[in-house]
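# Coordinate inspection notes
Residues per chain are reported as follows:
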Amino acid sequence: MTTADRKPRVLSGIQPTSDSFHLGNYLGALRQWVALQDTADAFYMVVDLHAITVDHDPKVLHERSRVSAAQLLALGVDPDRSDLFIQSQVPEHAMLAWILGSETGFGEASRMTQFKDKSAKQERTTVGLFTYPILQAADILLYQTDQVPVGEDQRQHLELTRDLAIRFNTTYGQTFKVPDPFIVKETATIKDLTEPEKKMSKSSSGPRGVLYLLDEPNQMRKKIKSAVTDSEAEVRYDPEKKPGVSNLLNIYAALGHTTIEKLEAEYAGKGYGDFKGDLAEVVTDYLGPIAARTKEYLADKAELDRTLVKGAEKARQVASRTLAKAYKKIGFYPPVAL
């Protein structure tokens, strides 16, 4: 296969910081992960190294990492078409992060806005949280990644990654591929069901506002039916004046494979009760099978763990070559195989 024929390499990761992914995770990123397997050489990881930059329970983290991997498989990440692994099972990530940290200016790292935002919400701020973007750079550069799917909140981190790659290559010789952002197909941001002015997030003020992929069907129905709307009764898309209804329309269109315009026409003259009732069934019909498949993967933990070990071994084949090249360029002795 020539270089021109080679699929672009794509890398992305997700933190195991919740018992379940939520609908915003899925529609905003994970659905694109599945689609990218058709056009890219995809590497996907559960980034548990990043997860310990805040307080955590070791047993909970261990289990959440497994559950996160099971969900990715249930969503359609296929180990035969992409590489799925747990970040901490590939020690080259931390090893390259130290090298890149030694090439990063303190002021440069201090300008990362996500650190400012996250540290403001915590009582204890760690050095790990401060250097989080440097580890993220190592994640990307280890795999000679061509493209990185990014949202606006991660764009600054990718720019740091590009700067570090260029700086290292200029100083020590060509070592890293300089990655480009991959702008995913635009999707509507899914909002909190109880506070539709805010993005749906695991750090939401309450569980009623978040649709988790592993919620029981009755939980999903209850959350949809109690979602905030407004004092009108018209099913109409108007994010400024009707944020709650507009958010529900976005969810319906995304999961029901339809358009907002068709939904507005279908529910013209009908109240919110009919609209929410139908949406609740669309949500449970779509997400229910994902939860069922996740449980199937978790029912055989030994086989799931074997799949992840295979993924880590494949990842290490690529990562170790990049690390060895960086070690040689920086003046280190070659790393010893574990």
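Rules behind the numbers
Residues numbered from 1 in each chain as written. Predicted model: local features only at pLDDT ≥ 70, side-chain atom pairs only at ≥ 80, totals over all residues. Heavy atoms only, no water. Helix = DSSP H or I, 4+ residues; strand = E, 2+ residues; numbered from the N terminus. Rg over C-alpha atoms; globule rule 2.2 N^0.38 Å. Buried < 20%, exposed > 50% of the residue type's maximum accessible area, 1.4 Å probe, protein only. Contact = heavy atoms within 4.5 Å. Areas by Shrake-Rupley, 256 points an atom, 1.4 Å probe, with all protein chains shown as cover. Lys, Arg positive; Asp, Glu negative; His and termini not counted. Charge placed at Lys NZ, Arg CZ, Asp CG, Glu CD. UniProt positions renumbered as here; feature names shortened; annotations may be inferred. Polar contact = N/O pair within 3.5 Å; in protein donor to acceptor, adjacent residues only side chain to side chain. Pairing = 2+ DSSP bridges. Right-handed = clockwise from strand over helix to strand, strands pointing away. Salt bridge = Lys/Arg side-chain N within 4 Å of Asp/Glu carboxyl O. Axes fitted to C-alpha atoms, helices over the stretch in contact; angles between N-to-C directions. Parallel < 35°, antiparallel > 145°, perpendicular 65-115°, else oblique. Left-handed = near helix turned anticlockwise from the far one by under 90°. Nonpolar A, V, L, I, M, F, W, Y, C, P; charged D, E, K, R; others polar. Core = buried A, V, L, I, M, F, W, Y, C linked by side-chain atoms within 4.5 Å. Phe/Tyr/Trp six-rings, centres within 6.5 Å; stacked < 30°, edge-to-face > 60°. Arc of directions from axis to C-beta.

As a further point, take the overall build of the protein chain. Looking only at helices and strands, one finds 14 helices and five strands in the protein chain. Here the C-alpha atoms of the protein chain give a radius of gyration of 22 Å, agreeing with the 20 Å that 2.2 N^0.38 yields for 338 residues. Structurally, the protein chain occupies a C-alpha span of about 70 × 45 × 45 Å along its principal axes. Per-residue burial for the protein chain yields a buried fraction of 47% across its 338 residues. When contacts within the protein chain are restricted to residue pairs at least 6 apart in sequence, long-range pairs at least 24 apart make up 73% of them. Summed over all atoms, the accessible surface of the protein chain reaches about 16,800 Å², with 53% contributed by carbon and sulfur. Of the side chains in the protein chain, 44 bear a positive and 46 a negative charge, and the two mean positions are spaced by 3 Å.

What follows deals with the UniProt feature "binding site: L-tryptophan" (unreviewed entry) in the protein chain. The feature "binding site: L-tryptophan" (unreviewed entry), as annotated in UniProt, sits at Asp139 in this numbering. By secondary structure assignment, the location of aspartate 139 is in helix α8 (residues 132–142). Residue aspartate 139 is classed as buried on the basis of its relative accessible area of 2%. Within the structure, the side chain of aspartate 139 is placed 3.0 Å from the side chain of glutamine 87, a separation counted as a polar contact.

Another aspect to go through is the pairing of strand β1 (residues 9–14). Burial within β1 is extensive, with five of its six residues counted as buried. The pairing of β1 with strand β2 (residues 41–46) spans six bridges and is parallel. Looking at β2, one finds that arginine 9 is bridged to aspartate 41. In terms of handedness, the path from β1 via helix α1 (residues 23–36) over to β2 forms a crossover that is right-handed.

What follows is about the environment of leucine 248. For leucine 248, the position within the fold is in helix α11 (residues 243–256). Once the C-alpha coordinates of leucine 248 and leucine 279 are considered, the two residues, 31 residues apart in sequence, prove to be 7.9 Å apart. In contact with leucine 248, not counting residues within four places along its chain, are Leu193, Ile224, Ala227, Thr229, Phe275, Lys276 and Leu279.

This brings us to the pattern of salt bridges. Under the defined criterion, the tally for this structure stands at 22 salt bridges. Salt bridges sharing partners connect three or more residues here, namely Asp230, Glu232, Glu234, Arg236, Asp238 and Lys242.

With that out of the way, let us pick up the packing of helix α3 (residues 58–75) against helix α14 (residues 301–330). At a minimum axis separation of 11 Å, α3 and α14 run at an interaxial angle of 80°. By the angle between their axes, α3 is roughly perpendicular relative to α14. Note on element contacts: α14 touches α3 through Lys301, Leu304, Asp305 and Leu308, opposite Glu63, Arg66, Ala69, Ala70 and Leu73.

For the rest of this paragraph, the subject is the packing of helix α4 (residues 92–101) against α8. Any two packed helices are characterised by the angle at which their axes cross and by the distance between the axes. α8 packs onto α4 with a crossing angle of 115° between their chain directions and a minimal axis gap of 8 Å. The interaxial crossing formed by α4 with α8 has right-handed handedness. Between α4, through Glu92, His93, Ala94, Leu96, Ala97, Leu100 and Gly101, and α8, the contact on the second element is made entirely by Ile134, Leu135, Ala137, Ala138, Asp139, Leu141 and Leu142. Its residues assigned to classes, the contact of α4 with α8 shows ten nonpolar, two polar and two charged.

Here we come to the nonpolar core. Within the largest apolar cluster, 57 residues are counted, with the highest numbers of intra-cluster contacts made by Leu23, Leu72 and Val283. If you tally residues by element for this core, the top one is helix α13 (residues 272–299), at ten residues. Non-local contacts of valine 283, meaning those with residues more than four positions away in its chain, are made with Leu211, Met220, Ile224, Ile251, Leu255 and Gly288. Ile134, Ile140, Leu142 and Val150 belong to the second-largest nonpolar core, a separate cluster that totals 34 residues.

Applying the stated rule across the entire model yields eleven aromatic pairs. Considering the side-chain rings of phenylalanine 85 and tyrosine 143, the 5.9 Å spacing of their centres and the 45° angle between planes classify their relative orientation as tilted. Here tyrosine 143 lies in the loop between α8 and β4 (147–149) and phenylalanine 85 lies in strand β3 (residues 82–86), a separation of 58 residues in the sequence. Of the two residues, phenylalanine 85 and tyrosine 143, both sit in the buried class. Connected via pairs of aromatic rings, a cluster forms that spans Phe43, Phe85 and Tyr143.

In this section: helix α10 (residues 217–225). Within α10, the full set of buried residues consists of Met220, Lys223 and Ile224. Angularly, the buried residues of α10 cover 95° about the axis, an arc narrow enough to put them on a single face. For α10, the exposed residues lying more than 90 degrees away from the buried face are Asn218 and Lys222. At its buried positions, α10 is contacted by α11 and α13.

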